[in-house]
Amino acid sequence: MRIKLHLWPIGLSALAITSILAAQIPQLGVAPAQEQLLDFSDKIPRLTHEGVNCSQGAGLITEFTSPGGGVRIEAPEGGWDWSHFVAVAIDIQNIGDSAVTLIGHMDNSQSAIGFLYLPSGIQESMVIYLKRKNPTEGTPFKDMNGIPGGRLKHWDVPKTIKQLRISDLDGQAVGGTVQILSVDGIGQFDAIPIADEKSFFPFVNQYGQYKHEDWPGKIKNDADLRNMWETEKADLAAHSGIPDRSRYGGWKAGPKLKATGHFRTEKYKGKWWLVDPEGFLFWSHGTTGVGMGMESRITGRNHYFETIPPKYTENQQVDFYDANRARKYGPDWQEISDKLAHQRLASWGMNTVANWSRPEVYQMRKTPYVVAISLGDKEAQFRKDPKVLREIVRNRMRQERKTTAKDPWCIGYFVDNELRWQHVMDTADYYRIVSEEVKRAAPDKLYMGSRLHGQNKFHGGSKVAVDASRYCDIIGINRYRFSPADLKIPEGGLDKPIVIGEFHFGALDRGLLHTGLRGVGTQKQRAYAYHHYVTQALKHPDIVGTHWFQYRDQPITGRGDGENYQIGFVNIADDPYAEIVQAARWIGEHMYSYRLKN
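Here's a quick rundown of the structure. All values derive from a computational prediction rather than experimental measurement.

**Here's the deal with the overall build of the protein chain**
Reasoning step 1: A count of helical and extended segments in the protein chain gives 11 helices and 30 strands.
Reasoning step 2: Relative to the globule expectation of 25 Å for 598 residues, the C-alpha radius of gyration of the protein chain, 24 Å, shows essentially globular dimensions.
Reasoning step 3: Seen through its C-alpha atoms, the protein chain measures out along the principal axes to roughly 70 × 55 × 50 Å.
Reasoning step 4: For the protein chain, the proportion of its 598 residues judged to be buried stands at 62%.
Reasoning step 5: Long-range pairs, those at least 24 residues apart, make up 72% of the contacts in the protein chain between residues at least 6 apart in sequence.
Reasoning step 6: Of the accessible surface of the protein chain, which amounts to about 22,000 Å², a share of 49% is contributed by carbon and sulfur atoms.

**Notes on the side chain of Asn417**
Reasoning step 1: In this structure, Asn417 sits in the loop between β25 (410–415) and α8 (427–441).
Reasoning step 2: Of the residues examined, Asn417 reaches a relative accessible area of 15% and is grouped as buried.
Reasoning step 3: Within the structure, Asn417 has its side chain in polar contact with the side chain of Arg451 (distance 2.7 Å).
Reasoning step 4: Once residues lying within four places of it in the same chain are set aside, the contact partners of Asn417 are Trp356, Lys378, Ser450, Arg451, Asn478 and Glu502.

**Focus: helix α11 (residues 578–597)**
Reasoning step 1: Here α11 is 20 residues long and its end C-alpha atoms lie 28 Å apart, about the 28 Å a rise of 1.5 Å per residue gives.
Reasoning step 2: In α11, a bend of some 60 degrees at His590 exceeds every other bend along the element.

**Looking at the pattern of salt bridges**
Reasoning step 1: Within the structure shown, the criterion is met by 36 salt bridges.
Reasoning step 2: Put simply, Asp473 and Lys439 hold a salt bridge, and the shortest N to O gap is 2.7 Å. With Asp473 in the loop between α9 (462–471) and β28 (475–478) and Lys439 in helix α8, this pair connects stretches of sequence that are 34 residues apart.
Reasoning step 3: Note that Arg481 is salt-bridged to Asp486, the shortest N-O span being 3.2 Å.
Reasoning step 4: Using a relative accessible area of 14% as the deciding quantity, one classes Arg481 as buried.
Reasoning step 5: When salt bridges with common partners are traced through the structure, they connect Arg390, Arg394, Asp429, Arg432, Glu436, Glu437 and Arg440 into a single cluster.

**Quick word on the sheet that holds strand β22 (residues 317–318)**
Reasoning step 1: Taken together, the 3 strands give an open sheet; going across it, the order is β20-β22-β21, and neighbouring strands pair in antiparallel fashion. What marks the edges here is a single partner per strand, and that holds for β20 (296–297) and β21 (313–314).
Reasoning step 2: In this structure, β21 lies alongside β22, joined through 2 bridges in antiparallel fashion. Residue pairing in the sheet places Thr313 in a bridge with Val318 of β22.

**Some remarks on the sheet that holds strand β5 (residues 70–74)**
Reasoning step 1: On the basis of which strands lie adjacent, the open sheet formed by 5 strands has the order β2-β5-β14-β8-β9 and antiparallel pairing. The open sheet terminates on both sides in strands that have one partner only, identified here as β2 (47–50) and β9 (113–118). On average, adjacent strands in this sheet sit at an angle of 15 degrees to one another, irrespective of strand direction.
Reasoning step 2: Across 5 bridges, the pairing between strand β8 (residues 100–106) and strand β14 (residues 163–168) is antiparallel. Of the residues in β14, the one forming a bridge with Leu102 is Asp168.
Reasoning step 3: Against the sheet, helix α10 (residues 523–539) engages β8 and β9, with an angle of about 90 degrees to β9.

Rules used in this analysis
Residues numbered from 1 in each chain as written. Predicted model: local features only at pLDDT ≥ 70, side-chain atom pairs only at ≥ 80, totals over all residues. Heavy atoms only, no water. Helix = DSSP H or I, 4+ residues; strand = E, 2+ residues; numbered from the N terminus. Rg over C-alpha atoms; globule rule 2.2 N^0.38 Å. Buried < 20%, exposed > 50% of the residue type's maximum accessible area, 1.4 Å probe, protein only. Contact = heavy atoms within 4.5 Å. Areas by Shrake-Rupley, 256 points an atom, 1.4 Å probe, with all protein chains shown as cover. Polar contact = N/O pair within 3.5 Å; in protein donor to acceptor, adjacent residues only side chain to side chain. Expected span 1.5 Å × (residues − 1). Bend = angle between axes of the 7 residues up to and from the residue. Salt bridge = Lys/Arg side-chain N within 4 Å of Asp/Glu carboxyl O. Pairing = 2+ DSSP bridges. Axes fitted to C-alpha atoms, helices over the stretch in contact; angles between N-to-C directions.

Spelled out as structure tokens, the structure:
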């Protein structure tokens, strides 16, 4: 069974390269630039291909015949130097009768990847961002992973590109035909469209937004905030939740299994599931960071800001998200916002308050939740000492014994996060000790591991995942790719369910300066990427949930480690992004029947 994305239309239109550039370049914080790098209209370039048929038309016609098939466009000797651009846009037209989902790679690199979903008859561009290391070095910007001028920190793309590959993603393009028209460089790297530094600073307005550009939904005054709230209230009233759900968000219309009064796992018809306290099948669809504000450093950067709201400033940190919520909801903004979070999740088709969320929100017991158990600095040496580790976990779990340990709304616990393992004892001993102490305090709750991190290979090697499978009820994995379809526990591991603890996609069309770890061209493509990722997870026999990172955008001037990503379900004004909300609602409505049938 194949569900097509256009079941939830979001204003599709045939976009040529010029229109997508017009929508994007003003948001990149760079001087506009467009240069055609490759033109496929007159001849087929030097290429290799597998699982596709290629021919010449108005562009490079590519017919997808096998899952994973694609075409590899080879650079001339010496390669392509595209380092003076912020991104590369590959203009593609779907000339077939079915929708296609595509992925693009430069040099098979995991750092330079693009995603594109195209319905039949639509022309649009796959955007691949050229990310760099050390983006603020030699600039007037500090502690920001993305800065004006198009410097996006994370992986370092090679200066010389030798090949560009466009291929099918997860079999979703098989039977489809596209026409690759051109490759364009967009955005002049390291140039901002402001005459000089004096006229550029301050670049953050009173609402914590980028001052020098405009975009749909930008806040101009307090009235805009109140109007957005009225619009959202009408939307929430029209989408109050999904009717065939149990008290806990399980599948009330589905099979009824054994009820234990707590969440548990069970393999049903060849696939792992969570089972809710009432015995209904449950699949965890949620987002992290619910209810949390986010501060950004002022010290040494006062000149960044037009206005710093004093009531929302502490220890030389400012939180514009909290300030905007106060402007929007009034003096009771925290209480209103906490209640609203649960109302939103139900409306968005979500059933889980995921990691890093505000305890006051999940302890309202309106939405199932997981708890983040932090043991302190992930590089701390105490994890090498079994006795000390046991004592620390035991003391920390005592805090949960009288609250979450007995709460039927609590699914379970993540302990630690994305450990690099150089300061950890044998991993089998680590997971055994943590599991024993979690179960000592909360015998009815699920131990969900340490949130393994990695793409195809986990940090610490395959042994980490194998050992986690021995002692965890669920293996938590943070997986920042465009698909979880090929995710598996290495050979030697036990058959255990998996939950995706983090994933996200971002774009540069709403005033922020970094896409996050996986970037797409527009909010529409962000919604499509979300839909694709979660539906592939629903098909996966071992995955029992996906948790998006995170509930709200990060501040434009960066959180403590410099992250300033456009990755929220809501923006700095606490206003939801309609496109991704619509995608999540579709998932929430269809996920149980979809998983059972696929």
